[in-house]
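An overview of the molecular structure
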Amino acid sequence: MTISEFLPALAENPYFSAGFGLVGVGTGLAIMRKGMQFGFVMFRRHCMVTLEVTSKDKSYEWLLQWMIQKQAKQTQHLSVFTTFQQHETGKVNAQFDFTPSPGTHFLKYKKNWLRIERQRDQGMRDLASGLPWETVTLTSLGRNKEIFYSMLHEAKTLALSKQEGKTVMYIPMGPDWRQFGFPRQHRPISSVILDDGVSERILNDVREFIFNKKWYIDRGIPYRRGYLLYGPPGCGKSSFITALAGELQYSICIMNLGDRTLSDDRLTHLMSVAPQQSIILLEDIDAAFSKRDDDKMTGNKAAGYYPNYVTFSGLLNCLDGVVSTEERLVFMTTNYLERLDSALIRPGRIDLKQIIDKASVSQLIQMFLRFYPHMKHSDAVLFSKTVSDTNQRYSVAQIQGYLMQFKQDAVAAFDDNVSYNSCKSQT
Ligand code: ADP
């Protein structure tokens, strides 16, 4: 059979034409599928904008909060994040924050539909917090990236507005700082009763420092300033620092130098990544480092000490290295100034030392009038005399505790009969 006879015969063969047809259909479908895939890729590339935010990013929490605010009524799939705080008094505060659960959510923003995909990677963990790694991917139709800028801006404003008028506390968590508890209402600086001129002295110094950055830079002086408040417990050191943070609208980063997980490197790192506009508070610094004691420094357990992982020289290096480009202040407190090593309290590391002592006459008067604003100044003077006559000095916390017993009855706050009667006659 010649080739010219063979081809028509093949074409007439029903099996062959059916097979050929099937191959044709298959090829056609495969081409269509590829075409659609290509089309979709091109569509995504040119007609959609995508934004990925990872849980490591600062705006991640803001974004979740913003999402829940925007679509709280629509979404049915939520995760809860509970903030719990137990006060010294035993009172418990708990706050439930809902965030969209992992999965896909849709929401309309500025006339655009956004597809929001929250993914949780169980296999990967954030080393700092130990939490699963998460990402939120936002997709919008069109080519307008502005929508994301505006959304992030809104999310930031919303989150910060919740903190307005409040002082945020941070504690170290791994290599980062984590917000601790609820932001607290600013404590007015006038609510901390210190001896005459003390509050103003510190406040003026801090303001001077904050507003004169250029002065330091022009003269090549490292822009840093350390503060030490010392004195007996219960006299208002911590209260003043909290109030000062409120006054300056700063946050407070509490660093516990006795923390067994803290090393020199971690301390230096934490100091350098502390949030901007914050007070780094090293409380009871004497408890971490008394006068240079090599046994303690090297962690000689035989000497009765457990190892300190932050060394004294590590702390000094760290203090020398804190250059306050981001408006950070270092405050230290101690109940025992005499226990501190002179290397720690020399100028450059601690530039302003201030004793916060037991209540003076002026403080006693102020406290009395704070408790009983309807009483006369002369009554307050009498009260201060009564206290002074005991020949003992008391901390403001002790006086406060005492006056608390007579909240409604100023007269009963006088201990001896003479004062009691004279006070009574004046009211
Ligand atoms: P310190 O840090 O000196 O040990 P705190 O600031 O922790 O003292 O004071 C303990 C409590 O006593 C505070 O919660 C506050 O209510 C009260 N207190 C102490 N000193 C003062 C003060 N100078 N003015 C107002 N309240 C004070």
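Residues numbered from 1 in each chain as written. Predicted model: local features only at pLDDT ≥ 70, side-chain atom pairs only at ≥ 80, totals over all residues. Heavy atoms only, no water.

**Some words on the overall build of the protein chain**
Where we set the bar: Numbering goes from the N terminus for both helices and strands, where a helix is a DSSP run of H or I of at least four residues and a strand is a run of E of at least two. Relative accessibility under 20% of the residue-type maximum defines a buried residue, over 50% an exposed one, and the middle range a partly exposed one, all with a 1.4 Å probe and only protein chains included. Two residues form a contact once any of their heavy atoms are found within 4.5 Å. Reported accessibility uses the Shrake-Rupley method at a 1.4 Å probe radius. Residues are deemed covered only where the shown protein chains occlude them.
A tally of helices and strands in the protein chain yields 15 helices and 15 strands. Evaluated residue by residue, the protein chain yields a buried proportion of 38% over its 427 residues. Within the protein chain, counting contacts between residues at least 6 apart in sequence, those at least 24 apart form 67% of the total. Carbon together with sulfur atoms contributes 56% to the accessible area of the protein chain, which is approximately 24800 Å² in total.

**Overview of the environment of Val168**
You can see Val168 is positioned in the loop between strand 7 (166-167) and strand 8 (169-173). Classification of Val168 as buried rests on a relative accessible area of 5%. Residues Val168 and Ala245, spaced 77 residues apart in sequence, show a C-alpha to C-alpha distance of 9.2 Å. In this view, Val168 contacts Gln163, Gln179, Pro183, Ser251 and Ile252; residues no more than four positions away in its chain are not counted.

**Thoughts on the site of the ligand**
Threshold: One heavy atom within 4 Å of a molecule or strand makes the whole residue count as near it. In the analysis that follows, any N or O atom pair within 3.5 Å is treated as a polar contact, provided that within protein one partner can donate a hydrogen and the other can accept it, and provided that, for residues neighboring in sequence, both atoms belong to side chains. Under this grouping Gly is polar, as are all residues other than the nonpolar Ala, Val, Leu, Ile, Met, Phe, Trp, Tyr, Cys and Pro and the charged Asp, Glu, Lys and Arg.
Around the ligand, the structure places 16 residues, and the nearest of them are Ile193, Gly234, Lys237, Ser238 and Ser239. Within the contact set of the ligand, an oxygen atom lies 2.8 Å away from a backbone nitrogen or oxygen of Gly234. Gly236 is positioned such that a nitrogen or oxygen atom in its backbone is 3.0 Å from a nitrogen atom of the ligand. Alone, the ligand offers 540 Å² of accessible surface; in the complex the protein occludes 76% of this. Its residues placed into classes, the shell around the ligand shows eight nonpolar, six polar and two charged.

**Examining the nonpolar core**
Worth spelling out the cut-off: Each nonpolar core is a collection of buried residues, namely Ala, Val, Leu, Ile, Met, Phe, Trp, Tyr and Cys, held together in the definition by side-chain atoms within 4.5 Å.
Met255, Leu257, Leu267, Leu282 and Leu315 are the most contacted members of the largest nonpolar core, which totals 30 residues. The leading source of residues in this core is helix 11 (residues 312-321), at five residues. Sequence-distant contacts of Leu267, that is, excluding residues within four places in its chain, are made with Met255, Leu257, Leu262, Val310, Leu315 and Cys318. One finds Phe209, Phe240, Leu281 and Ile356 within the second-largest nonpolar core, a separate group that totals 29 residues.

**Side note on the packing of helix 8 (residues 264-273) against helix 11**
To keep things clear, this is the line we draw: A fitted line through C-alpha atoms represents every axis, and for helices the fit uses only the stretch in contact; the resulting angles, taken between N-to-C directions, go from 0 to 180 degrees. For classification purposes, an angle smaller than 35 degrees is called roughly parallel, one larger than 145 roughly antiparallel, one from 65 to 115 roughly perpendicular, and anything else oblique. If you view the pair so one helix is near and one far, a crossing is left-handed when the near helix is turned anticlockwise from the far one by less than a right angle, and right-handed when it is turned clockwise.
Across the interface, helix 8 lies against helix 11 with an axial gap of 9 Å and an inter-helix angle of 20°. Between helix 8 and helix 11, the crossing angle belongs to the class labelled roughly parallel. Where helix 8 crosses over helix 11, the handedness of that crossing is right-handed. On the side of helix 8, the interface is formed by Asp264, Leu267, Thr268 and Met271, while helix 11 contributes Gly314, Leu315, Cys318 and Leu319.

**Topic: the packing of aromatic side chains**
Short version of the rule: Geometry of aromatic contacts follows a simple scheme: Phe, Tyr and Trp rings, the Trp one being its six-membered ring, pair when their centres are within 6.5 Å, and the pair is stacked under 30 degrees between planes, edge-to-face over 60, tilted otherwise. Over a ring means this: the NZ of a Lys or the CZ of an Arg is within 6 Å of the ring centre and within 35 degrees of the ring normal.
On inspection of all chains with the given rule, the structure shows 10 aromatic pairs. The interplanar angle of 55° and the centroid separation of 6.1 Å between the aromatic rings of Phe371 and Tyr372 together place this pair among those described as tilted. Note on Tyr372: relative accessible area 1%, which makes it buried. On the basis of an interplanar angle of 70° and a centroid distance of 5.2 Å, the ring pair of Tyr402 and Phe406 is categorised as edge-to-face. Looking at Tyr402, the relative accessible area reads 22%, which means it is partly exposed. An aromatic cluster is defined as three or more aromatic residues linked by ring pairs; in this entry it consists of Phe209, Trp215, Tyr216 and Tyr223. Positioned above the aromatic ring of Tyr336, the side-chain terminus of Arg339 is 3.8 Å from the ring centre.

**A few points about helix 13 (residues 377-388)**
Every α-helix carries 3.6 residues per turn, so stepping three or four residues along brings you back to the same face. Rules: A helix is expected to reach a length of 1.5 Å times the quantity of its residues less one.
Across its 12 residues, helix 13 extends 17 Å between first and last C-alpha, which sits within 8% of the 16 Å expected from 1.5 Å per residue. Among the residues of helix 13, Asp379, Ala380, Leu382, Phe383, Ser384, Thr386 and Val387 are the ones counted as buried.

**Let's talk about the pairing of strand 14 (residues 328-334)**
The criterion, for reference: In this analysis, strands are considered paired if DSSP registers two or more bridges between them.
Most of strand 14 sits inside the fold, with seven of its seven residues counted as buried. Neither face of strand 14 is open: one carries Arg328, Val330, Met332 and Thr334, the other Leu329, Phe331 and Thr333, and all of them are buried. By the bridge criterion, five bridges tie strand 11 (residues 226-230) to strand 14 in an arrangement that is parallel. Residue pairing for strand 14: Gly226 is matched across the bridge by Val330. Strand direction decides the pairing type here: strand 13 (residues 278-282) and strand 14, joined by five bridges, are parallel. By the bridge assignment, Leu282 is partnered in strand 14 with Met332.

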